[in-house]
Amino acid sequence: MDRTTINNEKPVSSEKSRIVLKPRVGFFDSGIGGITVAKAFLAIRPDADVLYTADWTYCPYGSRPEEEVMERARKLTNDLVRQGCKIIVLACNTVSAVALKSLRTLFPEIRFVGMEPAVKPAAEQSRTGVIGVLATGPTLRGELLSKTASRYANHVRILRSEGTGFVELVESGKVHTPEAEQTVRSVLEPMLEAGCDVIVLGCTHFPFLLPVFRRIAPEVLFLDPAKAVARRIAALYDELAG
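Computed from a predicted model, the values in this text were never measured in an experiment.

Visitor: How would you sum up helix α2 (residues 66–82)? Please name residues and give values.
Guide: Given a rise of 1.5 Å per residue, 17 residues ought to cover 24 Å, and the 24 Å separating the end C-alpha atoms of α2 matches this to within 8%. When α2 is considered as a whole, its buried residues turn out to be Val69, Met70, Arg72, Ala73, Leu76, Thr77, Asp79 and Leu80. Looking at the residues trailing α2, positive phi occurs at Gly84, about 90°.

As structure tokens, this is what we get:
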């Protein structure tokens, strides 16, 4: 496990010498993927006190047993709580699908924010009536996706595709390589042939591959939920900051 402090501000004093305590926000993911969410949040609240943990020893989570992912989620949450985090962001769709519900029960005093595939806006913006969700296996099988799809996307066809090897490409710095092109193309082409015109990025690592996605499918709209999640974090942050 490796930990990176993106921005660790200390409490500041107002003109009246009143100490303003900023709620510390913790993010964790198996690797660098969750940085896309942390940066989106810092773009809204640049002075926030943020800790980011990349659990590289266990990367990627998507290929690990769910019991192991749950154990890591509890461990990393404990670490962030001990460091004073009041808001914890599961900046990983796999962890959100596997562990979010349980973590909220185990740590009732903590505000959790998880990743949810952006199925609703995808369904609203599709012209063909066929949308795609590109994610890891646990996310595609998870309750979060099923509930969201049932609630907001009954009127469209949803193609669920696993981005096998995508996380490894990002973590190894091979995004701009022929290997990345071939790997991504093998997953996207069947979706395109089925008429998919909007694809949801259901893994926080996948936005790093957007240049490849857009080169292969320039006519497709790719939805990254990071900004929407960042707005939710900001709302909780402001609420706790009072």
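Visitor: Would you mind going over the sheet that holds strand β11 (residues 221–223) in detail, with residue names and values included?
Guide: Spatially, four strands are ordered β9-β8-β10-β11 in an open sheet, and the strand pairing comes out parallel. At either end of the open sheet lies a strand with only one pairing partner, and these are β9 (157–162) and β11. Across this sheet, the average inter-strand angle for adjacent strands is 25°, counted without regard to direction. As paired strands, strand β10 (residues 198–202) and β11 are joined by three bridges and run parallel to one another. Counterpart to Val198 in the pairing with β11 is Leu221. Sitting on the sheet, helix α8 (residues 178–193) touches β8 (130–135), β9, β10 and β11, and the angle it makes with β8 is about 160°.

Visitor: Tell me about the packing of α2 against helix α3 (residues 93–106), residues and numbers included.
Guide: A pair of packed helices can be characterised by two numbers: the angle between their axes and the separation between those axes. For the pair α2 and α3, the least separation of the axes is 9 Å and the interaxial angle reads 55°. In terms of their interaxial angle, α2 and α3 are classed as oblique. Viewed along their axes, α2 and α3 form a crossing whose handedness is right-handed. Residue-level inspection shows Glu66, Val69, Met70, Ala73, Arg74 and Thr77 of α2 in contact with α3, the latter providing Thr94, Val95, Val98, Ala99, Ser102, Leu103 and Leu106. Here the residues of the contact of α2 with α3 sort into eight nonpolar, three polar and two charged.

Visitor: Pulling in residues and values, what's your account of empty space enclosed by the protein?
Guide: Going through the model one piece at a time under the given rule, you end up with two cavities of 30 Å³ or more. As for the largest cavity, its lining consists of Thr36, Val37, Asn93, Met115, Leu201, Cys203, Thr204, Pro207, Asp224, Pro225 and Ala226. Tallied by class, the residues present in the lining of the largest cavity amount to seven nonpolar, three polar and one charged. Taken as a whole, the second largest cavity encloses approximately 30 Å³ of empty space. The wall of the second largest cavity is formed by Asn93, Ala97, Met115, Pro117, Thr139, Leu144 and Leu145. Sorting the residues of the lining of the second largest cavity by element identifies α3 and α6 (143–152) as the ones contributing at least two each.

Visitor: Outline the environment of Leu188, supporting the account with residue identities and numerical values.
Guide: Summarising the element assignment, Leu188 is placed in helix α8. For the pair Leu188 and Tyr237, spaced 49 residues apart in the sequence, the C-alpha separation amounts to 37 Å. Ignoring any residue separated from it by four or fewer positions in sequence, one finds Leu188 in contact with Leu134, Ile199, Phe213, Ile216 and Phe222.

Visitor: Describe the layout of surface pockets, with residues and values.
Guide: Reported here for the largest pocket is a volume of approximately 420 Å³. If you trace the largest pocket, you find 23 residues lining it, with Gly114, Glu116, Pro225, Ala228 and Val229 closest to the centre. Put simply, the parts of the chain that give the lining of the largest pocket at least two residues each are α3, β7 (111–113), α4 (119–125), α6 and α10 (226–241). Top element by residues in the lining of the largest pocket is α10. It accounts for five residues. In terms of residue class, the lining of the largest pocket is made up of 14 nonpolar, two polar and seven charged.

Visitor: Outline the pairing of β10, listing residues and values.
Guide: Taking burial as the measure, the five residues of β10 include five buried ones, the bulk of the element. The alternating pattern of β10 places Val198, Val200 and Gly202 on one face and Ile199 and Leu201 on the opposite face, and all of these are buried. Pairing of β8 with β10, which is carried by five bridges, proceeds in the parallel orientation. The residue bridging Val133 from the neighbouring strand is Val200, located in β10. After leaving β10, the chain enters helix α9 (residues 210–216) and then returns to the sheet as β11, a path that is right-handed.

Calculation notes
Residues numbered from 1 in each chain as written. Predicted model: local features only at pLDDT ≥ 70, side-chain atom pairs only at ≥ 80, totals over all residues. Heavy atoms only, no water. Helix = DSSP H or I, 4+ residues; strand = E, 2+ residues; numbered from the N terminus. Expected span 1.5 Å × (residues − 1). Buried < 20%, exposed > 50% of the residue type's maximum accessible area, 1.4 Å probe, protein only. Pairing = 2+ DSSP bridges. Axes fitted to C-alpha atoms, helices over the stretch in contact; angles between N-to-C directions. Contact = heavy atoms within 4.5 Å. Parallel < 35°, antiparallel > 145°, perpendicular 65-115°, else oblique. Left-handed = near helix turned anticlockwise from the far one by under 90°. Nonpolar A, V, L, I, M, F, W, Y, C, P; charged D, E, K, R; others polar. 1 Å grid on protein atoms, 1.4 Å probe; cavity = no way out; pocket = protein on both sides within 12 Å on 5 of 7 lines; lining within 4 Å. Points joined across faces, edges and corners; volume = space filled by probe spheres on them. Right-handed = clockwise from strand over helix to strand, strands pointing away.

Bear in mind that shape data such as this cannot, by itself, settle questions of function.
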